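Spelled out, the chains give:
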Amino acid sequence: ITMGLTALFVLWLCKRVDTLMIIRTGMIISIIGSVIGILAPLNLPLLMVSAVIRAFGMGLLAALIHALVGDAVDYGFWRTGHRAPGTTYASQGLGNKLGVLLGSGLCPIILGMAGYDGAKEVQSASAMNVISAVYLWLPLIFCAIIFVIMMFYRLNQTNYNKIIHELSQGHFHP
C-alpha cells in the first residue's frame, strides 16, 4: 500500500525535483527505516514503522526505475546513433525476473540451512539471526549500494535535456 501511494506522490514530485535526487533521497529514507528496525528488532510497533518508512523510500525508486531505463535508451542513441529500446527494456525485465528468482529461491534455502522450521513455535537462535539479517540488514545493504551507484550516475535532468535537445537537432555524440 505504501509503495503504491508513493508512486502517486512521485508523479507530483517529479515536476519539482530532479529524478536522481528523488531516488537518492528514497534510498536515504529506506536506510533510515532499516536503521530504526535494526535498533529495535523486538519492538513490533517500531518494526512496522520501519517497514512503512522503508517501503516509502523504495517506492520512490520503484516508481522511477522504468524512467531511468528510458533515459538510458536515449543516452545510448545519442552516444552511438543506434536506438535499442527493445533490448534495453528486455534486459531490465530479465534482471527483475532473475532478482526475484534469486531472492525468493535463496531465502528459503538460507533459512533452512540456519535451522528454520515453520512448524516450531520458537525458532533457534541461528534461524532468528538469519531472519533478522534478511529482513533488516539486506535491505540496508542493498539501499546503500543503490545510493552509491546513483551518486556516480550522471544522467540528471539537466544533462538529459541537453541530450534530447541535441537529438532533436540531429546531433549525436559518438
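These lines cover the structure that appears in this document, whether it is placed above or below. (Residues numbered from 1 in each chain as written. Predicted model: local features only at pLDDT ≥ 70, side-chain atom pairs only at ≥ 80, totals over all residues. Heavy atoms only, no water.)

A short note on the environment of Leu39
Inference 1: By the element assignment, Leu39 lies in helix H2 (residues 19–39).
Inference 2: When the C-alpha atoms of Leu39 and Leu136 are compared, they prove to be 9.9 Å apart, with 97 residues separating the residues in sequence. (Helix = DSSP H or I, 4+ residues; strand = E, 2+ residues; numbered from the N terminus.)

A few points about the nonpolar core
Inference 1: Grouped together as the largest cluster of nonpolar side chains are twelve residues: Val10, Leu13, Leu20, Ile22, Ile23, Met27, Leu60, Leu61, Leu64, Leu68, Cys143 and Met150.
Inference 2: Contributing elements (two or more residues each) for this core: helix H1 (2–13), H2, helix H3 (44–80) and helix H5 (125–152).
Inference 3: When sequence neighbours within four positions are dropped, the list of residues in contact with Leu20 reads Met150, Tyr153, Arg154, Leu155 and Asn156.
Inference 4: Trp78, Leu155, Tyr160 and Leu167 belong to the second-largest nonpolar core, a separate cluster that totals five residues. (Core = buried A, V, L, I, M, F, W, Y, C linked by side-chain atoms within 4.5 Å. Buried < 20%, exposed > 50% of the residue type's maximum accessible area, 1.4 Å probe, protein only. Contact = heavy atoms within 4.5 Å.)

Describing the packing of aromatic side chains
Inference 1: Counted according to the given criterion, the structure contains four aromatic pairs.
Inference 2: Taking 6.0 Å as the distance between ring centres and 35° as the angle between the ring planes, the aromatic pair formed by Phe9 and Phe56 counts as tilted. With Phe9 in helix H1 and Phe56 in helix H3, the pair connects residues that are 47 residues apart, well separated along the chain.
Inference 3: A residue is classified by how much of its surface remains accessible, and Phe9, at 33% relative accessible area, is partly exposed.
Inference 4: A cation sits over an aromatic face here: Arg54 above Tyr135, 4.4 Å from the ring centre. (Phe/Tyr/Trp six-rings, centres within 6.5 Å; stacked < 30°, edge-to-face > 60°. Lys NZ or Arg CZ within 6 Å of the ring centre and 35° of its normal.)

Observations concerning H3
Inference 1: An ideal rise of 1.5 Å per residue puts 54 Å on 37 residues; H3 measures up with 52 Å between its terminal C-alpha atoms.
Inference 2: At Leu64, H3 is deflected by roughly 40°, the largest bend along its length. (Expected span 1.5 Å × (residues − 1). Bend = angle between axes of the 7 residues up to and from the residue.)

Some words on a nonpolar patch on the surface
Inference 1: There is a patch of nonpolar side chains on the surface, built from Trp137, Leu138, Ile141, Phe142, Ile145 and Ile149 and spanning about 560 Å² of accessible area.
Inference 2: Of note, Trp137 is situated in helix H5.
Inference 3: A relative accessible area of 41% places Trp137 in the partly exposed class. (Patch = residues over 30% accessible without salt bridge, like charges linked within 9 Å, V, L, I, M, F, W, Y side chains within 5 Å. Areas by Shrake-Rupley, 256 points an atom, 1.4 Å probe, with all protein chains shown as cover. Salt bridge = Lys/Arg side-chain N within 4 Å of Asp/Glu carboxyl O.)

Focus on the environment of Ala7
Inference 1: Locating Ala7 in the fold gives a position in helix H1.
Inference 2: A C-alpha to C-alpha distance of 15 Å links Ala7 and Leu68, two positions 61 residues apart in sequence.

Quick notes on H5
Inference 1: Over its 28 residues, H5 runs 39 Å from end to end, which matches the ideal 40 Å to within 8%, given 1.5 Å per residue.
Inference 2: The sharpest bend along H5 measures roughly 40° and falls at Trp137, with the proline Pro139 sitting one to four residues further on.
Inference 3: Turning to H5, its buried residues are Ala127, Val130, Leu136, Leu140, Cys143 and Met150.
Inference 4: Where H5 is buried, its residues touch H2, H3 and helix H4 (85–113).

A short note on the environment of Met113
Inference 1: With respect to the helices and strands, the residue Met113 is situated in helix H4.
Inference 2: Exposure remark for Met113: the relative accessible area of 72% places this residue in the exposed category.
Inference 3: Along the primary structure Met113 and Ser126 are separated by 13 residues, whereas in three dimensions their C-alpha atoms are 9.2 Å apart.

Topic: the packing of H3 against H5
Inference 1: Look at H3 against H5: their axes get within 12 Å of each other, and the N-to-C directions meet at 35°. The crossing of H3 and H5 is left-handed. Residue-level inspection shows Leu47, Ala51, Arg54, Met58, Leu61 and Leu68 of H3 in contact with H5, the latter providing Tyr135, Leu136, Pro139, Cys143, Ile146 and Met150.
Inference 2: Across the contact of H3 with H5, the residue classes break down as eleven nonpolar, no polar and one charged. (Axes fitted to C-alpha atoms, helices over the stretch in contact; angles between N-to-C directions. Left-handed = near helix turned anticlockwise from the far one by under 90°. Nonpolar A, V, L, I, M, F, W, Y, C, P; charged D, E, K, R; others polar.)

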